[in-house]
Amino acid sequence: MKDRYLDFVNSSFGAGFARSIGLPKPEVLRRHRPDRPEFGGIVAIGAGPSPALFDPLIDVLQSIGMTSVAHGSAEGWLPRANRHGAMSGRFEPHRRDSVASDRVEALIFDATGIADSSELGAIYGFFHDALRSVARSGRVVVLGRPPETRADPRAWTAQRALEGMTRSLGKEARGGVSSNLLQVAEGADIEGALRFFLSPRSAYVSGQVIRIEAASVTRPADWSRPLEGRRALVTGAARGIGASIAGVLAALGAHVTGVDVPQASDALDQTMLAIEDQSPSGGAHAALVADIAAPEAPAELAAALLAMGGIDIVVHNAGITRDKTIAKMTKDAWDSVIDINLSAQERIDDALLAQNVLHDGGRIVGVSSISGIAGNLGQTNYATSKAGVIGRVSSMAGVLRARGMTINAVAPGFIETQMTAKIPFAIREAGRRMNSMSQGGQPVDVAETVAWLASPASAGISGQVVRVCGQSLIGA
Ligand code: NAD
């Protein structure tokens, strides 16, 4: 669905009109485009005392071709960057009267060594000096430690404090700038997550706290096709977010099997054919017609996927809404939403795991919703099912770890699809604007996040919920 307001205020007439009467002007977010380089420009680095991640950070910046400049707080960055042979200089804040383009694309602050609340001033110093220097659609990434891994209560406290800072920066930054906190366990590999959070692929992900554990990570041979040769199952793939997930996974190299109900079989065929046409290597994608909630669906899906040689990625995207306040809701509306959105996922996973259809090292991604985090009027059934998806991810992560598998959820906020087009105008407009980006997300924003979680490089991320909501105020 089109956001006419966003188009209007970004037209030459609309921009002037909006400015003259003080209307907000949502940024046209920079998203991934295959004809544009994914990374470029300058990153400003800041740090607290004893930063632990300078070396891996320099390596990642070198591998993505970004140049760094060091803020005064990042003592030791310049000599270390020089030792790695990386280009680096000193950070100069953006000047309003500057004619030169002195904006930076990203700000990264290494807060891993902050061990006491009295040391949090370093993070103030960096962002006080640097936040105004970030370019439109720029990125803020704070690197910390999982608080409970700090033995000293003061260090735990200080690390937990970073969440408030990072989330507030997302609300202050504007201009489509995102702000996220990566809690990096000792020995964890940061490359996959940093690439995602520095790239336009994370355009609508802000205010998130992501935990990265130490895990055996296989880095892709080609970062532009990290899913090369992987087989993926995407439910509800005929349209909307599911179609976009199927398309992004395929563009990143996966062979995708899309599933949808018999009523959507034509749309599913068209979606999968369009993906096939765009696949440089011929793709080998498939369309499977099935109601995932049918009793026979788990066994049938397992058999069909086994015949293809098994799979590496499962994306539980199919979902429905049947909204009514609980007093007016029929039992059937309750049952069908819980069954399709939650119980069917459990049954399908059980079948795929029991028969080893999902290979070791596999990835499961469930599509939850911010309704499942915050609750929503008229959505007791939907919010229950989506909160259950989050419960499933937390409860299964430990079980799957032994097989090198991960399970995560994405929780979309307001995404422009046929599902949200059905919402009455006033509620739709409120849902669309009540976030730090002042706009709804696109299906591709959810798809890119799913693809990142499904990547081999995301082995250290499991049991988590990543909101794709432009930092929605709902459930924040
Ligand atoms: P959509 O209605 O456009 O697409 C859902 C797809 O799932 C359809 O193709 C539908 O036929 C399929 N499906 C439904 N029941 C099925 C079943 N029993 N078996 C197989 N396929 C089935 O919805 P969407 O907006 O693309 O949403 C996709 C997912 O994202 C859903 O789980 C939804 O709850 C979630 N979500 C969407 C939003 C949003 O703003 N659009 C926000 C939060 C979460």
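As the structure is a prediction and not an experimental result, all values here were calculated from the model.

Cut-off values and rules
Residues numbered from 1 in each chain as written. Predicted model: local features only at pLDDT ≥ 70, side-chain atom pairs only at ≥ 80, totals over all residues. Heavy atoms only, no water. Pairing = 2+ DSSP bridges. Helix = DSSP H or I, 4+ residues; strand = E, 2+ residues; numbered from the N terminus. Axes fitted to C-alpha atoms, helices over the stretch in contact; angles between N-to-C directions. Near = heavy atom within 4 Å. Polar contact = N/O pair within 3.5 Å; in protein donor to acceptor, adjacent residues only side chain to side chain. Areas by Shrake-Rupley, 256 points an atom, 1.4 Å probe, with all protein chains shown as cover. Core = buried A, V, L, I, M, F, W, Y, C linked by side-chain atoms within 4.5 Å. Buried < 20%, exposed > 50% of the residue type's maximum accessible area, 1.4 Å probe, protein only. Domains from an automatic or database assignment. Contact = heavy atoms within 4.5 Å. Phe/Tyr/Trp six-rings, centres within 6.5 Å; stacked < 30°, edge-to-face > 60°. Parallel < 35°, antiparallel > 145°, perpendicular 65-115°, else oblique. Left-handed = near helix turned anticlockwise from the far one by under 90°. Nonpolar A, V, L, I, M, F, W, Y, C, P; charged D, E, K, R; others polar. Patch = residues over 30% accessible without salt bridge, like charges linked within 9 Å, V, L, I, M, F, W, Y side chains within 5 Å. Salt bridge = Lys/Arg side-chain N within 4 Å of Asp/Glu carboxyl O.

Undergrad: Would you mind going over the sheet that holds strand β11 (residues 311–316) with me for this structure?
TA: Strand pairing in a sheet relies on backbone hydrogen bonds. The paired strands run either parallel or antiparallel. Spatially, 7 strands are ordered β10-β9-β8-β11-β12-β13-β14 in an open sheet, and the strand pairing comes out parallel. The open sheet terminates on both sides in strands that have one partner only, identified here as β10 (286–289) and β14 (465–468). When strand polarity is set aside, the average angle formed by the axes of neighbouring strands in this sheet is 20 degrees. Where strand β8 (residues 231–235) meets strand β9 (residues 255–260), 5 bridges bridge the pair, whose relative direction is parallel. Counterpart to R231 in the pairing with β9 is H255.

Undergrad: Quick question: what am I supposed to make of the site of the ligand here?
TA: Of all residues adjacent to the ligand, which total 27 residues, the nearest are R239, D260, N317, Y382 and T417. With respect to the ligand, the side chain of R239 contributes an N or O atom lying 2.7 Å from an oxygen atom. For the ligand, an oxygen atom lies 2.9 Å from a polar atom in the backbone of I415. Look at the ligand: alone it shows 830 Å² of surface, and the protein chains cover 93% of it. Of all the secondary structure elements, the ones that give two or more residues to the shell around the ligand are α8 (240–251), α13 (380–401) and α14 (418–421).

Undergrad: Is there a simple way to explain the nonpolar core in this structure?
TA: General note: in soluble globular proteins, nonpolar side chains tend to be found buried as a group. In this structure, W77, I108, L182 and L249 are the most contacted members of the largest nonpolar core, which totals 72 residues. Looking at which domains feed residues into this core, each of domain 2 (31–212) and domain 3 (231–468) supplies at least three. In this view, L249 contacts L227, A232, V234, A254, V256, V315 and A451; residues no more than four positions away in its chain are not counted. Judged by nonpolar contacts, the second largest core, of 29 residues, contains I292, L301, L342 and I407.

Undergrad: What should I look at first to understand the packing of aromatic side chains in this one?
TA: Think of a pair of aromatic rings as described by two things: how far the centres are apart, and how the planes are tilted against each other in angle. Summed over all chains, the structure comprises 7 aromatic pairs. An angle of 85 degrees between the planes, with centres 4.9 Å apart, marks the rings of F54 and W77 as edge-to-face. Remark: W77 occurs in helix α4 (residues 77–83) and F54 occurs in helix α3 (residues 54–64); sequence separation between them is 23 residues. For the pair shown, F54 and W77 are each scored as buried. An angle of 80 degrees between the planes, with centres 5.0 Å apart, marks the rings of F196 and F197 as edge-to-face.

Undergrad: What am I meant to see in unusual backbone geometry here?
TA: Both trends apply: most residues other than glycine have a negative phi, and most peptide bonds are in trans. One non-glycine residue, S137, lies in the positive phi region at around 55 degrees. The topology assignment puts S137 in strand β5 (residues 134–144). According to the relative accessible area criterion, S137 is buried, its value standing at 5%. At N356, a position not held by glycine, the phi torsion is positive, near 55 degrees. Position of N356 among the secondary structure elements: in the loop between α11 (331–354) and β12 (358–367).

Undergrad: How should I be thinking about the packing of α3 against helix α7 (residues 191–198) in this particular structure?
TA: In a packed pair of helices, the relevant descriptors are the angle between the two axes and the axis-to-axis distance. It is at 10 Å that the axes of α3 and α7 come closest, and there the two elements cross at 55 degrees. In terms of orientation, α3 lies oblique with respect to α7. Along this stretch, α3 crosses α7, giving a crossing that reads as right-handed. For the pair α3 and α7, the contacting residues are L57, V60, L61, S63 and I64 in the first and E191, L194, R195 and L198 in the second. When the residues that make up the contact of α3 with α7 are grouped by side-chain class, the tally is 6 nonpolar, 1 polar and 2 charged.

Undergrad: Please explain the side chain of T271 as it appears in this structure.
TA: Considering the arrangement of structural elements, one finds T271 in helix α9 (residues 265–278). If sequence neighbours within four positions are ignored, T271 has contacts with A237, A238 and A243.

Undergrad: Before we go on, may I ask you to explain a nonpolar patch on the surface in this structure?
TA: Taken together, M434, L473 and I474 make up a surface patch of nonpolar side chains, about 250 Å² in accessible area. Mapped onto the elements, L473 comes out in the segment after β14.

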